[in-house]
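# Results of the structural survey
So you can see what is in the structure, the chains are spelled out below.
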Amino acid sequence: MARGFKIPESVLVVIHTPALEVLLIQRADADDFWQSVTGSKDHPDEPLALTAAREVAEETGIDCAKGSALAQSLRDWGLQNVYEIYPRWRSRYAPGVTHNTEHLFGLCVPERLTPTLDPREHTAWRWLPYHEAADACFSPSNAEAILLLPKFAQ
């Protein structure tokens, strides 16, 4: 990949409580778009778990990196989605890149936490029961991941 283009391999992290309440964040560049934490690898060799922990910290301020109190709560679900990149965001990728591979993770937090958002990326947050969270997501793959939560929640 040429420097400056996003890598078309990403993570989606469903942050949830043991009661299956899900944290959704609202995109700053599209206020009707509610989502879980998502983000691309920084470099092709970046381990997916590192990408997931980095994106959670960047987008919510929640620390689940190796050595943190929540590190063992970040789980790779071993699932991936391949989807077409929305045309409005394709310019972020190298010319000709139209699809992204997204790897699914879950992060169980002990209770509803108050995230710290970067206002350049996200402008609001809310906790919802998982069915309501799935209904609120703009992305079908995000909604499907949230609906899998009972299967993967510890």
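Heads up: these notes are all about the structure in this document.

With respect to the secondary-structure elements, Lys 41 resides in the loop between β4 (37–40) and α1 (48–60). Among the polar contacts made by the side chain of Lys 41, one reaches the main-chain carbonyl oxygen of Glu 46 at a distance of 3.4 Å. Excluding anything up to four places from it in sequence, Lys 41 contacts Ile 7, Glu 9, Glu 46, Leu 48, Thr 51 and Arg 54.

Looking now at the pattern of salt bridges. Taken as a whole, this structure holds ten salt bridges when the rule is applied. One salt bridge in this structure joins Arg 27 and Asp 29, with 2.9 Å as the shortest N-O distance. On the basis of relative accessibility, which here comes to 14%, the residue Arg 27 falls in the buried class. Two residues, Asp 118 and Arg 120, come together in a salt bridge whose shortest N-O distance is 2.9 Å.

The phi angle at Leu 20 is positive, at roughly 65 degrees, despite the residue not being glycine. Mapping Leu 20 onto the fold places it in the loop between β1 (9–16) and β2 (21–27). Judged by its relative accessible area of 18%, Leu 20 is buried.

The next thing to look at is the packing of aromatic side chains. Counting across every chain of the model gives six aromatic pairs. Seen in terms of ring centroids, Phe 33 and Trp 89 are 5.7 Å apart; in terms of plane orientation they differ by 70 degrees. Their pairing is edge-to-face. Taken together, the positions of Phe 33 in the loop between β2 and β3 (34–35) and Trp 89 in the loop between β5 (74–84) and β6 (99–108) put the pair 56 residues apart, joining distant regions of the chain. Here the aromatic rings of Trp 77 and Phe 152 are separated by 4.6 Å at their centres, their planes lie at 10 degrees, and the arrangement is stacked.

Its 13 residues place the ends of α1 18 Å apart at the C-alpha level, agreeing with the 18 Å of an ideal helix rising 1.5 Å per residue. All buried positions along α1 are accounted for by Thr 51, Ala 52, Ala 53, Arg 54, Glu 55, Val 56, Glu 59 and Thr 60. Looking one or two places after α1, you find Gly 61, whose phi comes out positive at around 80 degrees.

Before going further, it helps to examine the side chain of Arg 54. Along the polypeptide, Arg 54 turns up in helix α1. Here the side chain of Arg 54 touches Ser 40 through a polar contact of 2.9 Å, landing on its backbone oxygen. Contact partners of Arg 54, with chain neighbours within four places excluded, come to Ser 40, Lys 41, Asp 42 and Glu 46.

The next point concerns the state of the cysteines. Evaluation of the coordinates by the stated rule reveals zero disulfides. Lacking any disulfide linkage, Cys 64 is separated from the closest cysteine sulfur, that of Cys 108, by 12 Å. Classification of Cys 64 as buried rests on a relative accessible area of 3%. Here Cys 137 is not cross-linked by a disulfide; its sulfur's nearest cysteine counterpart is in Cys 108, at 18 Å.

What follows is about the environment of Asn 100. In this fold, Asn 100 is placed in strand β6. Judged by its relative accessible area of 0%, Asn 100 is buried. The sequence separation of Asn 100 and Glu 59 amounts to 41 residues, and the corresponding C-alpha distance is 20 Å. Not counting residues up to four positions away in its chain, the partners in contact with Asn 100 are Ile 7, Pro 8, Glu 9, Ser 10, Asn 81, Val 82, Tyr 83, Ile 85 and Tyr 93.

Positionally, Glu 58 belongs in helix α1. The spacing of Glu 58 and Ala 133 is 75 residues in sequence and 21 Å in space, taken between C-alpha atoms.

Rules used throughout
Residues numbered from 1 in each chain as written. Predicted model: local features only at pLDDT ≥ 70, side-chain atom pairs only at ≥ 80, totals over all residues. Heavy atoms only, no water. Helix = DSSP H or I, 4+ residues; strand = E, 2+ residues; numbered from the N terminus. Polar contact = N/O pair within 3.5 Å; in protein donor to acceptor, adjacent residues only side chain to side chain. Contact = heavy atoms within 4.5 Å. Salt bridge = Lys/Arg side-chain N within 4 Å of Asp/Glu carboxyl O. Buried < 20%, exposed > 50% of the residue type's maximum accessible area, 1.4 Å probe, protein only. Phe/Tyr/Trp six-rings, centres within 6.5 Å; stacked < 30°, edge-to-face > 60°. Expected span 1.5 Å × (residues − 1). Disulfide = S-S within 2.5 Å.

Read these as layout, nothing more, since geometry by itself doesn't imply function.
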